[in-house]
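Now for the letters of each chain:
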Amino acid sequence: IAPALADPSKPVPLIAQACAGCHGQYGAGQGATPPIAGTPKEDFVKVWAAFRANERPATIMNRIARGYAVEEVATLADYFASLR
């Protein structure tokens, strides 16, 4: 079951689809990969920055995080925070 959108009229950002490969559809998590749906915006951005700076243990997110612009991370943070 997909998490409910805070605003069902808001479309899924295209950039968020890249996250589904590891974090599952709508960021619900899958296997050993944790859910990101419902993560508060500030926490999402903080964790992303820690991955980018190699300050948080990761298998691949430390490399992925470096490929996104600040605006793109903000879009992802807004979107995943809007999911329950």
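Calculation notes
- All residue numbers here refer to positions counted from 1 along the written sequence of the relevant chain.
- Only residues with pLDDT of 70 or above have their local features reported here, since the model is predicted, and side-chain atom pairs are shown and tallied only from 80 upward, although totals for entire chains, interfaces and linings are computed over all residues.
- Excluded from the side-chain calculations are hydrogens and water; all other atoms, namely the structure's heavy atoms, are used.
- For the purposes of this entry, the term helix denotes a DSSP run of H or I that reaches at least four residues, the term strand denotes a run of E that reaches at least two, and both are numbered from the N terminus.
- Only protein chains enter the calculation, and the probe is 1.4 Å; a residue is then buried if its accessible area is under 20% of its type maximum, exposed if over 50%, and partly exposed in between.
- Two residues form a contact once any of their heavy atoms are found within 4.5 Å.
- For accessible areas, the Shrake-Rupley method is used with a probe of radius 1.4 Å. Any residue's cover is judged against the shown protein chains and nothing else.
- For this analysis, a salt bridge means a side-chain nitrogen from Lys or Arg found within 4 Å of a carboxyl oxygen belonging to Asp or Glu.
- Side-chain atoms alone can form a polar contact between residues adjacent in sequence; in general such a contact is a pair of N or O atoms within 3.5 Å, and within protein one must be able to donate a hydrogen while the other accepts it.
- Only Phe, Tyr and Trp rings are paired, with Trp represented by its six-membered ring, and only when their centres lie within 6.5 Å; those with planes under 30 degrees apart are stacked, over 60 edge-to-face, the remainder tilted.
- Helices are assigned an expected span. That span is 1.5 Å times one less than the residue count.
- This arc is built from the directions going out from the helix axis to the C-beta atoms.

Caption draft 1: Quick look at the overall build of the chain. Check the secondary structure of the chain and you find four helices and zero strands. Put simply, the chain runs from its N terminus to its C terminus through helices and strands in the order α-α-α-α. By the burial criterion, 29% of the 84 residues in the chain qualify as buried. Sequence separation of 24 or more characterises 58% of the internal contacts of the chain that already satisfy a separation of 6 or more. A total of about 5,300 Å² of accessible surface is found on the chain, and carbon and sulfur atoms cover 58% of it.

Caption draft 2: Summary view of the pattern of salt bridges. Under the defined criterion, the tally for this structure stands at one salt bridge. Salt-bridge contacts for Asp 78 lead to Lys 41; the nearest nitrogen and oxygen are separated by 3.5 Å. Taken together, the residues span a long stretch of sequence, with Asp 78 in helix α4 (residues 70-81) and Lys 41 in helix α2 (residues 41-52) at a distance of 37 residues. Judged by its relative accessible area of 34%, Asp 78 is partly exposed. For Lys 41, a relative accessible area of 40% puts it in the partly exposed group.

Caption draft 3: Examining the side chain of His 23 more closely. Locating His 23 in the fold gives a position in helix α1 (residues 20-23). A distance of 2.8 Å separates a polar side-chain atom of His 23 from the backbone oxygen of Pro 34. Residue contacts for His 23: discarding those within four places in its chain leaves Ala 28, Gly 29, Gln 30, Thr 33, Pro 34 and Ile 36.

Caption draft 4: Examining the packing of aromatic side chains more closely. What the rule picks out here adds up to four aromatic pairs. A ring pair is formed by Phe 44 and Phe 80, whose centres lie 6.0 Å apart and whose planes are at 15°; its orientation type is stacked. With Phe 44 in helix α2 and Phe 80 in helix α4, this pair connects stretches of sequence that are 36 residues apart. In this structure Phe 44 comes out as buried when scored by relative accessible area, which is 6%. Three or more aromatic residues joined by ring pairs make a cluster, and in this case those are Phe 44, Trp 48, Tyr 68, Tyr 79 and Phe 80.

Caption draft 5: Representation of α2. Compared with the 16 Å implied by 1.5 Å per residue over 12 residues, the 16 Å span of α2 between its first and last C-alpha is a close match. Residues of α2 that are buried: Phe 44, Trp 48, Ala 50 and Phe 51. Buried residues of α2, viewed axially, fall in a sector of 160°; they line one side. Away from its buried face, by an angle of more than 90 degrees, α2 presents the exposed residues Glu 42 and Lys 46.

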